[in-house]
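So you can see what is in the structure, the chains are spelled out below.
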Number of protein chains: 2
Amino acid sequence: MEKETKSIRIAIMGAGTVGGGVYKLLQMRKSDMYQRVGADIEIAKILVKSIPETRKDVDASLLTENFDDIMNDDSIQLVVEVMGGIEPARTFILRCLNSGKSVVSANKDLIAVHGRELLDAAEANKVDFMFEASCAGGIPIIRPLKQCLIANEITEIMGIVNGTTNYILTKMAQEGMEFEEALAKATELGYAEADPTADVEGLDAGRKMAIMGSIGFHSRITFDDVYTEGITHITSKDIKYAKDMDCVIKLLGIARNTDNGVEVRVHPTLISKEHPLASVNDVFNAVFVHGDAVDDTMFYGRGAGEMPTASAVVGDVLEVARNIKGKCLGMFGCTCYRELPIKQIGDIESKYFMRMVVRDCAGVLGNVASILGNNHVSIEKIIQKPAGCDTAEIVAITDVVQEKNFKAAMQTLNDMSFVQEISSMIRVYA
Amino acid sequence: MEKETKSIRIAIMGAGTVGGGVYKLLQMRKSDMYQRVGADIEIAKILVKSIPETRKDVDASLLTENFDDIMNDDSIQLVVEVMGGIEPARTFILRCLNSGKSVVSANKDLIAVHGRELLDAAEANKVDFMFEASCAGGIPIIRPLKQCLIANEITEIMGIVNGTTNYILTKMAQEGMEFEEALAKATELGYAEADPTADVEGLDAGRKMAIMGSIGFHSRITFDDVYTEGITHITSKDIKYAKDMDCVIKLLGIARNTDNGVEVRVHPTLISKEHPLASVNDVFNAVFVHGDAVDDTMFYGRGAGEMPTASAVVGDVLEVARNIKGKCLGMFGCTCYRELPIKQIGDIESKYFMRMVVRDCAGVLGNVASILGNNHVSIEKIIQKPAGCDTAEIVAITDVVQEKNFKAAMQTLNDMSFVQEISSMIRVYA
């Protein structure tokens, strides 16, 4: 006769910001745990790189530097991976899954590349592998996409999914700062890391879009499939022009399932100030989903931070705990059953905002318009203003055109002697 | 040896707007069903009041007017209740659960009063009872509250959860209409029913708040516990004053788990235009949740309508189907393990906006301020303006004060000879 599972023993791999948050949150919920999931959660081990360098606010008796201490403990049924990085996280997770231990992860870098392998291992071993915390911090999005919205054909997932860049763009918009100053402010407040590349270049957002797109469209998208373009070239002038057009500039992740393939891209985008995403500011994130039954729905909240991310991790831990107790593990494998083609960035269609400095002489505007026209780029609106020193600034918004045509037109213009500089090319959400 | 469950047979009770939407959506997803949940869904029976009067776009061979046709069919494992109303829905659901059939419902009226009984019956029979569609239409909120955010202590759930009233208030704000005209417009567009009482008096929103509050706070709240106040007395003048104070007026459901009890109330509320809920307009809904780990998170989308509601119903159907296939039914019973006291409306604390017409003579403002002060109602700001014919209008916002004190002050003022009319008393979200 099997003994009633009173307490579920878990291990936590990593004791950084998120690991510390997970530990804290499990303490905070200790007295409610049994009533919420039918079992207590007991932390058996915490794996760290170096015990002497580990934070002092976790129970030191639980610490180990040796992964085998987790592997060799059959009583540990669930492992939380909050180490980050590709290795050794991938190897450790696979070893856990293959030895019948369920895993909860927050590791977007890993899942955006190796997600399929990990989900397949979980399915093969009939255990759970969950990763709500890998995208959009505390905001529920993975479970809504996988379960709540499962009756829909999802055609678009659009998100502000990076807090660093959203903070920077908000500061630039509200206080007229340039990028470097806003980045410095973000760094000072801890919203940007010492090396902010992954955030400001859109790589972090790209990983999350790969994961959400895969789940939403039931077709595997890895990080390599995602076009990324960051915000380092955005200026306060662009933001002001956007404002004149009743738009804001956001770093948007856009995933679309179109008739001729899947698009997944991250880039600065002009979006109408009336769009719900336009009022998502500072470090807040939001994911906008369009499904053929639900229509538009949006999930908003803190996309990062110790406790919001811990909320998502522990939410998954409690879900797995309930499944362990109910003997219902391994119900969700990889949800990708399609193999949809991924479109190249040149084949996407969009509106574009462009800004260029030209020689201020007769016929230049006509020349610009001709070159655009020759490349099948039609214009929605165009303005020319003097810019001093015999130059003029031309600002335009195109109609929806194909990216390769737009890029070809821009390349041609760039080579023209009357064009001094292509200052900005920013996609516009239509 | 048990035969592999290839097809799961379901019944649908009701073929109105939502029932029709459920039927349609199941057809739309037919070819993807097996890949998404591991089984096909087959509609075995559709229960209707009168076959001749039933819509013609459902398969007539499935129709029955006899509930026993569902009860007597052991192959039917899941019943969708989209009939609405208390009886016979309650009786039918209980009979289904007690005979081992899982149920998916959209019935907020029923669940806000009898939810406990239904969940207990599901648990006793180890079957599923799910009701995502009962609150906020297509917007995922029940599963996020029950599962995704389970690691949190949720302290506040605040929502715009009625599309009719949100449409009316949006029209009043954007076009300067009065209530009656905006209601007529809503009725013409099908956003308001012939008898709009449940919507405009806040009853519909109140039922949803009872359900969400129960789940969020793990403590039973029924519709009787909810204070409701509708929007019929809101005027364009109030909306304009609100705008002058950088606020909008929304019909808000506010559920709070405070140190001295649970508050659940629905009433018009002034809210800062910077708050995310302020930009939720027309028939869109949104639910704002505050948890001690996740901080603020918001769920936005279409709170009603044939296909959004069908999205939520069929999402639950597919979840149950997966549980049937995986032999994992009955994992979620009633999640209320607390018995928190419910506060009376007089004991809540809030800021208040008030507007009154007084005799325009010396000392009146001082008298008003004294009466407020005597009732422990302190003022944040107060304005007096002439209103013609020897009258003046006094508009004020209080600090956070206790409702009973505010009400006592208003009662006293109402009895004063120098007060001609208390025109408005609207709570302000702080």
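Note that residues are indexed from 1 along each chain, following the sequence as it is written. Following the order in which they are written, the chains are lettered starting with A and the ligands numbered starting with 1. Local features in a predicted model are, by the rule used here, given only for residues with pLDDT of at least 70; side-chain atom pairs are given and counted only at 80 or more, and totals for whole chains, interfaces and linings are based on all residues. Computation of side-chain values covers all heavy atoms of the structure but excludes hydrogens and water.

The name an unreviewed UniProt entry assigns to chain A is Homoserine dehydrogenase, from the organism Frisingicoccus caecimuris. UniProt annotates chain A under Cofactor (unreviewed entry) with the comment "a metal cation". UniProt positions are given in the numbering used here, feature names are shortened, and annotations may be inferred rather than shown by experiment. We quote the UniProt Catalytic activity (unreviewed entry) comment for chain A here in full: "L-homoserine + NADP(+) = L-aspartate 4-semialdehyde + NADPH + H(+)".

Caption draft 1: Layout of the interface of chain B and chain A. By definition in these notes, contact holds between two residues if any of their heavy atoms fall within 4.5 Å. Opposite the 52 residues of chain B that make contact, chain A presents 51 residues. For the pair chain B and chain A, the summed buried area comes to about 4,300 Å², and 58% of that belongs to carbon and sulfur atoms. In what follows, salt bridge is the name for a side-chain nitrogen of Lys or Arg lying within 4 Å of a carboxyl oxygen of Asp or Glu. Taken together, the connections running from chain B to chain A amount to eight salt bridges. Arg36(B) is paired through a salt bridge with Glu153(A); the nearest N and O atoms lie 3.0 Å apart. Distance and chemistry together define a polar contact, namely a pair of N or O atoms within 3.5 Å, with one atom able to donate a hydrogen and the other to accept it when in protein, and with adjacent residues in sequence counting only for side-chain atoms on both sides. One can count 28 residue pairs in polar contact (both at pLDDT 80 or more) joining chain B with chain A. Secondary structure elements follow DSSP: runs of H or I no shorter than four residues count as helices, runs of E no shorter than two count as strands, and numbering proceeds from the N terminus. Of all elements in the fold, only helix H1 (17–28), helix H2 (30–37), helix H6 (142–148), strand E11 (284–291), strand E12 (295–302) and helix H12 (306–325) of chain B reach the threshold of two or more residues within the side of chain B that touches chain A. In terms of residue count, the dominant contributor to the side of chain B that touches chain A is H12(B) (nine residues). Considered class by class, the residues forming the side of chain B that touches chain A number 25 nonpolar, twelve polar and 15 charged. The term buried area denotes the loss of accessible surface (1.4 Å probe radius) that occurs when two parts are joined, taken as the sum for both partners. Each residue gets one label: Ala, Val, Leu, Ile, Met, Phe, Trp, Tyr, Cys and Pro are nonpolar, Asp, Glu, Lys and Arg are charged, and the others, such as Gly, are polar.

Caption draft 2: Molecular detail of the relation of the copies chain B and chain A. Note on the copies: chain B fits chain A at an RMSD of 0.0 Å, the axial shift is 0.0 Å, and the rotation between them is 180 degrees. Here the copies are linked by what is in effect a two-fold axis. Nearest to the rotation axis, the C-alpha of Phe299(B) is located 2.5 Å from it, this being the minimum over chain B. A symmetric contact is evident, with 98% of the interface residues of chain B recurring at the interface of chain A. Overlaid copies result from least-squares superposition on C-alpha atoms, with residues included only where pLDDT is at least 70 in both.

Caption draft 3: Broad picture of the UniProt feature "binding site: L-homoserine" (unreviewed entry) in chain A. Residues and elements named next belong to chain A. In this structure's numbering, the residues bearing the UniProt feature "binding site: L-homoserine" (unreviewed entry) are Glu193. Structurally, the position occupied by Glu193 is in the loop between helix H8 (179–188) and helix H9 (197–200). With near-sequence residues (within four places) excluded, Glu193 lies in contact with Thr187 and Asp199.

Caption draft 4: Representation of the domain arrangement of chain A in the model. Residue and element names in this part refer to chain A. Partitioning chain A into domains gives domain 1 (7–137 + 306–326), domain 2 (142–302) and domain 3 (345–428). Between domain 2 and domain 3, the C-alpha centre-to-centre distance is 25 Å. Summed over both partners, the interface of domain 2 with domain 3 buries about 1,400 Å², with 61% contributed by carbon and sulfur atoms. Looking only at domain 2, the three residues that lose the most surface to domain 3 are Tyr241, Met245 and Leu270, adding up to 41% of its buried area. Our enumeration of links across domain 2 and domain 3 arrives at three salt bridges. Note that the domain bounds were set by an automatic or database domain assignment.

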